[in-house]
Amino acid sequence: MEQQHHILIVDDHRDIRDSLSKYLESHEYRTSVAADAAEARTLVESSAIDLVVLDIMMPGEDGLSLCRHLRTATELPVILLTAVADDTDRVIGLEMGADDYLTKPFNPRELLARIKSVLRRTHSLPPRAIPTEEDTLRFGKWTFDIAQREVIGEDNVAIPLSTAEFHLLNAFMDHPKMVLSRDQLLDITAGRSAKVFDRAIDNQVSRLRKKLEDDPKTPTLIKTVWGGGYMLTVEVER
């Protein structure tokens, strides 16, 4: 029998929690619900959660703070829900490591599609607890720790990667000095079914550059090839 994924829904509005829970369970998912960050933290620690659907605007500890905690303490993928039309919260959330976001009000079918896409990406590469030499790659001034899903600079400071950034960097590691189109990057990182979100590749590259480039506005490590796509410009040492 196929694994029944366990989704945690965190939202202070009971009607949203309950309706999403009922909808996801009708599509063969297990669900747990939390009304605030404290309840969510308890459930994450006590249950085998596979993905968190997280509202940004909550009383007390907000969703961005909880997202930051989940990214530093766990490998759980996070999909943010925001009622704010302004891009600021969404950009901050993605920079904190969220894997995707939706703006309220949204169609639950779209949320379901995004849950499936994120789970497909993360489930194919489960995290490994103990890194070995085979789990590290060197490129430019960086070391890519695959097991910990982070990059380490020359100052020995580790920078965590979101799930999307991790898969994107993996694609570049496997194809150094090769031009990869958006479609190719989507095929490698998310599968053809995600093509409807193809502009997400540009956003992911932008976020990855902010972590890796000395000057993200003038990138030298991950270059844009006009009319082609993107290219990692350095060799990868395995």
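Look up: the structure comes first, before these words.
Think of each chain on its own: its residues are numbered from 1, step by step along the sequence as written. Confidence filtering applies because this is a predicted model: local features only for residues at pLDDT of at least 70, side-chain atom pairs given and counted only at 80 or more, and all residues used for totals across whole chains, interfaces and linings. Side-chain metrics in this entry use all non-hydrogen atoms of the structure; hydrogen atoms and water are not considered.

Draft legend 1. Local environment of the sheet that holds strand E1 (residues 6–10). Across the sheet, five strands lie side by side as E2-E1-E3-E4-E5; this open sheet has parallel pairing. Unpaired on one side and paired on the other, strand E2 (30–34) and strand E5 (100–103) mark the two borders of the sheet. Going across the sheet, the axis of each strand differs from the next one's by a mean of 20°, ignoring polarity. One bridge is not enough; two strands pair if DSSP finds at least two bridges between them. Here a helix means four or more residues in a row that DSSP labels H or I, a strand means two or more in a row labelled E, and each is numbered from the N terminus. In this sheet, strand E3 (residues 51–55) lies alongside E1 in parallel orientation, the contact comprising four bridges. Each bridged residue has a counterpart across the sheet, and for isoleucine 7 the counterpart in E3 is leucine 51. We call two residues in contact whenever any of their non-hydrogen atoms come within 4.5 Å of each other. Axis lines are fitted to C-alpha atoms, over the contacting stretch for helices. Their N-to-C directions set the angle, which ranges from 0 to 180 degrees. The strands that helix H1 (residues 14–25) touches are E1, E2 and strand E4 (78–82); relative to E2, the one it contacts most, it runs at about 170°. Its contacts with the sheet place helix H2 (residues 37–46) against E1 and E2, and it is angled at close to 145° to E2.

Draft legend 2. Looking closely at the packing of aromatic side chains. Each pair of aromatic rings taken from Phe, Tyr and Trp, with Trp reduced to its six-membered ring, is defined by centres within 6.5 Å and is described as stacked if the planes are under 30 degrees apart, edge-to-face if over 60, and tilted in the remaining cases. Using the criterion set out here, one finds one aromatic pair in the structure. Here arginine 149 stacks its cationic end above the ring of phenylalanine 166, 4.3 Å away from the centre of that ring. In this scheme, Lys NZ or Arg CZ marks a charge over a ring once it lies within 6 Å of the ring centre and within 35 degrees of the ring normal.

Draft legend 3. Local environment of the side chain of serine 21. Tracing the chain through its elements places serine 21 in helix H1. Of the polar contacts made by the side chain of serine 21, one reaches the side chain of threonine 31; its length is 2.6 Å. Those residues in contact with serine 21 that sit more than four places away from it in its chain are Ile9, Thr31 and Val33. Polar contact is defined as a pair of N or O atoms within 3.5 Å, subject to the rule that within protein one atom must be able to donate a hydrogen and the other to accept it, and that residues adjacent in sequence are counted only when both atoms are side-chain atoms.

Draft legend 4. Focus on the packing of H2 against helix H3 (residues 63–73). With their axes 10 Å apart at the nearest point, H2 and H3 run at an angle of 20° to one another. One element, H2, and the other, H3, form an angle in the roughly parallel class. The interaxial crossing formed by H2 with H3 has right-handed handedness. Packed against H2, whose contacting residues are Ala37, Ala40, Arg41 and Val44, the element H3 presents Leu66, His69 and Leu70 at the interface. When an angle is under 35 degrees it counts as roughly parallel; over 145 it counts as roughly antiparallel; between 65 and 115 it counts as roughly perpendicular; any other value is oblique. For any helix crossing, the convention is left-handed if the near helix is rotated counterclockwise from the far helix by under a right angle, and right-handed if that rotation is clockwise.

Draft legend 5. Structural detail: the nonpolar core. Think of a nonpolar core as a cluster: buried Ala, Val, Leu, Ile, Met, Phe, Trp, Tyr and Cys residues, connected wherever their side-chain atoms sit within 4.5 Å. Burial status follows relative accessibility: with a 1.4 Å probe on protein chains alone, a residue under 20% of its type maximum counts as buried, one over 50% as exposed, and anything between as partly exposed. The biggest cluster of nonpolar side chains holds 26 residues, and the ones touching the most others in it are Phe139, Phe144, Leu169, Phe172, Leu212 and Leu232. Only strand E6 (136–139), strand E7 (142–145), helix H6 (163–174), helix H7 (182–189), helix H8 (200–212) and strand E12 (229–232) provide two or more residues apiece to this core. For this core, the element with the highest residue contribution is H6, accounting for six residues. Leaving out residues up to four positions away in the same chain, phenylalanine 144 has contacts with Asp135, Thr136, Leu137, Phe139, Glu150, Val151, Leu161, Phe166, Leu169, Asn170 and Met173. Counting 20 residues, the second largest nonpolar core, distinct from the first, contains Ala37, Ile49, Leu76 and Leu80.

Draft legend 6. Quick peek at the pattern of salt bridges. Put simply, a salt bridge is a Lys or Arg side-chain nitrogen that is within 4 Å of an Asp or Glu carboxyl oxygen. Scanning the entire structure with this criterion turns up 12 salt bridges. With its nearest N and O atoms 3.5 Å apart, the salt bridge here joins aspartate 174 to arginine 238. Of this pair, aspartate 174 sits in helix H6 while arginine 238 sits in the segment after strand E13 (236–237), and the two are 64 residues apart along the sequence. Looking at aspartate 174, the relative accessible area reads 46%, which means it is partly exposed. Residues joined by salt bridges that share partners form a network here, namely Asp11, Asp55 and Lys104.

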